[in-house]
Structures are given as C-alpha cells and as structure tokens.
Amino acid sequence: MRDMLKLFLAVTIFSAVSGGLLSLVRSSTQARIEYQQLKFVKGPTLKEIMKGCQNDPIVDRFKLKFGKSNKTIFIGVFNGKPKAIALEAFGKGFGGEIGVIVGIDVETDKIIGIGVTTHHETPGVGSRAKTDPSFREQFKGLSVATSFKVKADGGQIDAVTGATISSRGVCSAVNDAVQAYKKLKPEILKKLRSFRS
Amino acid sequence: MAKGVIHEFVKGLWEEVPPFRLVLGLCPTLAVTKTVENAIGMGVAVIFVLTCSNVIISFLRNLIPKQVRIACFIVVIATFVTIVELVMQAFTYPLYLKLGIFIPLIVVNCILLGRAEAFASKNGVLLSLADGLGIGIGYTLALSALASFREILGYGTFYHISVFGPSFKPFSFMVKAPGAFVCLGLMLCIMNMLKKK
C-alpha cells in the first residue's frame, strides 16, 4: 500500500510541477505568439491594404464583441490621424473558407482595399482571387452601403475567369465585413478617438 | 572525472552519433533535412530538450520510483518540448511553420527516452549534461551534413545561397522522401567504411 502511494505521489508531483511551469511559459509568451501569428499570416495582406500608413496596424489593434465572437480591428494611421480600420471576415469558396481582410476609411465610409489571407482554392484558378491585383482593385473606392456581388449574379464585380465560386466567396466575405463594420461603427469611432490622444 | 566528462561529450559526436551509429530518431531525420536551415532549427531544439531533460532526470534519479520511471521521464521530456514549441512560436514563427509537427514529435523521439533510460538515470548530473550536449550536437551535425547534401543537390543552394548559379538543373529527387533514404544509406555506408579502417 505504501509503495502504491509513493508511485502515485511521484507521478502526481511530476505532472503538477510540469503543468505549473508550462502555464507560466505559456502566459509569458502568449502576447508575442499572437503578434507573430498575425504578422506572418495576415501581415503581408494587411500591409498591402494599408499602404502608406504611419503605424504598424498589427500592433495597434483592438477587439470588439460581435455576436458571439470577438472581431479584431486593425487601425491604420494616415497623415497623423487614425483614419482607416481593417477587419477580417470569411466567405465560403470552392475549397473551403476564404479569409478576406477589408480596409475601410472611417471618414468617407469607402473601402480602401481588400486582400485574401487564407484560402484553399484551386492553385492557379481560384487562388488568383488572392494574387490577381486587378480583381482586388475592383473593390477599392466602393461605399460600404454597396451590396457586393459578382456580375453573373447581377452585381458589379468581374469574377476571376473560371473561378466564379471563389469570387462569390470573396464577395460574401466582403459583405460580412462591411456589415460588421456598420454595426460596430459607433464603438470603433469611440476607440479611434481615444487612440493616442 | 574531467576525462570522463570529455569522453561522454565526444562519444556523441562520432562513436554514438544518433542517426548514423545508433540509427535512432530517423523519422525527423528524413523529414526535416530538406534544407540546412530546418536541420539546424530541429537540431537546436533537440540539444535544448535533451540537455535539460538529461540534467533534470539525473538530478532526480534517486527520487523517481523504478516502476513509474518511464512515465516520469516522458513528463519531463514533454514539458521541455512544449517550452521549445512555445518559444519557437513566439520568436521564430516561420521556422515553426516549416518544422510543424516534428517539434511536438520530439517527445516520442527514441533518442531522448533512450538517453534518459540508458544514461541519465544511472549517472551523475555533470556526466549527463556532457552526454546530452554531445549527443545533441552530434545529432545536429548529422542532420546538417545530410541536409547539406540534399539541399545542394536538390535545390542547388546552401543555406538559401545559390551554389552553382542559375544554369544548374536541380536533382528534385534528392529533396523527396526516397532521396532522403538513399542519401542516408550512402552516408551510413561511408561511415561504416571509415570505421573499418
């Protein structure tokens, strides 16, 4: 019986110490890991959208409650003022979810750019929704009041050749992003006003 | 004593170099040796985990009950592997993405449990430290040697620097799985020939 207790105690103490140590390491690296993930997964797309901004949108981000989950909002500073925000939304594509970041000018309510972050579309066909700049450019300057649709569905966006479903997915993601923006706008403006002031 | 320490350190570099002489830990050996950068990243992770787990296990060797020693060893090893994984995610995220599943798989790597069982649980802290460092560095050198062959022939580069210039047609066979086996076999053969003499 005493032997059993000894074995039990040994394993328990080992596991407890290890668990404590790991939670310590985890909590001290968590913020940095989140930053790194954003930087390498969304960073390149975000930089493209926020071209010419004077800050690092990945550092200047905040979270707002939207529905059941949190939305991360990135801030872009232009001419010394926090003028633009970017947020990510997802649409259903041909091979799975397509993640799209949409940048919006909060003064004019116009889209300053969009970009695909993660996708599983067919390489060379649907993937051009991410790589082909002429597809992305079509969203630039459109108002957030627009309902984004591909031309085949009676909208204004020229789909990528041979990839209507992927293009539809991007449009629906953009729609979701602007919907979220319109809903969250009062809170976003409040955050922007208190930003660095 | 000092002689013993040096002996334990040096044996890992040639006599008992893990992938070639002991033929242990082959799964990551074959998988991560596409480029020298990956091989060194993997090697450094193994050096850290092996040295730390060897020291801790040899320090606690008289407190660990015989019947549950394997469970305790695995807890120690898994703790250090998780620390490496978190730190890598926080500081070298692109490398973490490339090595992927092979970092968590260090837990079940035979080299680590092998050293814990065969060496650290029977020897003093200083000797175990030397053993861990020696075997770890030997493993790194072995991976780097294998990766150099494969990267130079398979991509025509060494540590991402072009070796042969643009006219070189890479042997893409070398960076695929069969190329890894062939390359490992040839290196084992050369080492055995050298040993015979």
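Procedures and definitions
Residues numbered from 1 in each chain as written. Chains lettered and ligands numbered in written order. Predicted model: local features only at pLDDT ≥ 70, side-chain atom pairs only at ≥ 80, totals over all residues. pLDDT = per-residue confidence, 0-100. Buried ≥ 20, exposed ≤ 12 C-beta atoms within 10 Å, placed from the backbone. Helix = DSSP H or I, 4+ residues; strand = E, 2+ residues; numbered from the N terminus. Pairing = 2+ DSSP bridges. Axes fitted to C-alpha atoms, helices over the stretch in contact; angles between N-to-C directions. Parallel < 35°, antiparallel > 145°, perpendicular 65-115°, else oblique. Left-handed = near helix turned anticlockwise from the far one by under 90°. Contact = placed C-beta atoms within 7 Å. Nonpolar A, V, L, I, M, F, W, Y, C, P; charged D, E, K, R; others polar. Core = buried A, V, L, I, M, F, W, Y, C linked by C-beta atoms within 7 Å.

## A closer look at the confidence of the model for chain B
For step 1, the next point in the chain: Confidence in the prediction of chain B, expressed as mean pLDDT, is 89, and 99% of residues score 70 or more.
For step 2, the next point in the chain: Predicted as a complex, the structure gets a pTM of 0.78 and an ipTM equal to 0.80.

## So, the pairing of strand β5 (residues 110–116) of chain A
All names here are of chain A.
For step 1, the next point in the chain: Counting buried positions over the 7 residues of β5 gives 6, a clear majority of the element.
For step 2, the next point in the chain: As paired elements, strand β4 (residues 97–105) and β5 share 6 bridges and run antiparallel to each other. In the sheet register, Ile101 faces β5, and the bridge partner there is Gly115.
For step 3, the next point in the chain: Linkage of β4 to β5, two consecutive antiparallel strands, is achieved through a turn of 4 residues, within which Asp109 is found at a positive phi near 60 degrees.

## Regarding the packing of helix α8 (residues 125–155) of chain B against helix α9 (residues 177–196) of chain B
Residue and element names in this part refer to chain B.
For step 1, the next point in the chain: At their nearest, the axes of α8 and α9 sit 10 Å apart, and the two run at 130 degrees to each other. As the angle between them shows, α8 and α9 are arranged oblique. Crossing of α8 against α9: the hand is right-handed. Contacts between α8 and α9 involve Leu146, Phe149, Arg150 and Gly154 from the first element and Gly179, Ala180, Cys183, Leu184 and Met187 from the second.
For step 2, the next point in the chain: Partitioning the contact of α8 with α9 into residue classes produces 6 nonpolar, 2 polar and 1 charged.

## A look at the pairing of β4(A)
Residue and element names in this part refer to chain A.
For step 1, the next point in the chain: Most of β4 is tucked away: 7 of the 9 residues are buried.
For step 2, the next point in the chain: When strand β3 (residues 81–92) meets β4, the two strands line up antiparallel, connected through 9 bridges. Within the sheet, the bridge partner assigned to Glu88 lies in β4 and is Ile101.
For step 3, the next point in the chain: Hairpin connection of β3 to β4: 4 residues between the antiparallel strands, including Gly96 at a positive phi of 145 degrees.

## A short note on the interface of chain A and chain B
For step 1, the next point in the chain: Chain A puts 17 residues into the contact, and the matching count from chain B is 16 residues.
For step 2, the next point in the chain: Class assignment for the residues of the side of chain A that touches chain B results in 9 nonpolar, 5 polar and 3 charged.

## Overview of the nonpolar core
Residue and element names in this part refer to chain A.
For step 1, the next point in the chain: Residues Ile85, Ala86, Leu87, Val100, Val102, Val174 and Ala177 are the most contacted members of the largest nonpolar core, which totals 43 residues.
For step 2, the next point in the chain: For this core, the elements supplying multiple residues, two or more each, are α1 (2–49), β2 (69–78), β3, β4, β5 and α4 (164–194).
For step 3, the next point in the chain: The element that contributes the greatest number of residues to this core is α4, accounting for 11 residues.
For step 4, the next point in the chain: Residue contacts for Val102: discarding those within four places in its chain leaves Ala86, Leu87, Ala89, Ile111, Ile114, Val174, Ala177 and Val178.

## A few points about the sheet that holds β5(A)
All names here are of chain A.
For step 1, the next point in the chain: One open sheet accounts for 5 strands, arranged β1-β2-β3-β4-β5; its pairing is antiparallel. The strands lining the two open edges of the sheet, one partner per strand, are β1 (61–66) and β5. Strand-to-strand twist across the sheet, computed as the mean angle between neighbouring axes with direction ignored, equals 30 degrees.
For step 2, the next point in the chain: Sheet contacts for α1: β2, β3, β4 and β5; angle to β5, the most-contacted strand, approximately 150 degrees.

## Regarding the environment of Val46(B)
All names here are of chain B.
For step 1, the next point in the chain: Structurally, the position occupied by Val46 is in helix α4 (residues 36–59).
For step 2, the next point in the chain: Classification of Val46 as buried rests on a count of 27 C-beta atoms within 10 Å.
For step 3, the next point in the chain: The contact partners of Val46, leaving out residues within four places of it in the chain, are Ile106, Gly136 and Tyr139.

## Overview of the environment of Glu117(B)
For step 1, the next point in the chain: Looking at where Glu117(B) falls in the secondary structure, it is placed in helix α7 (residues 110–120).
For step 2, the next point in the chain: Distance in space between the C-alpha atoms of Glu117(B) and Thr157(B) is 39 Å, their sequence separation being 40 residues.

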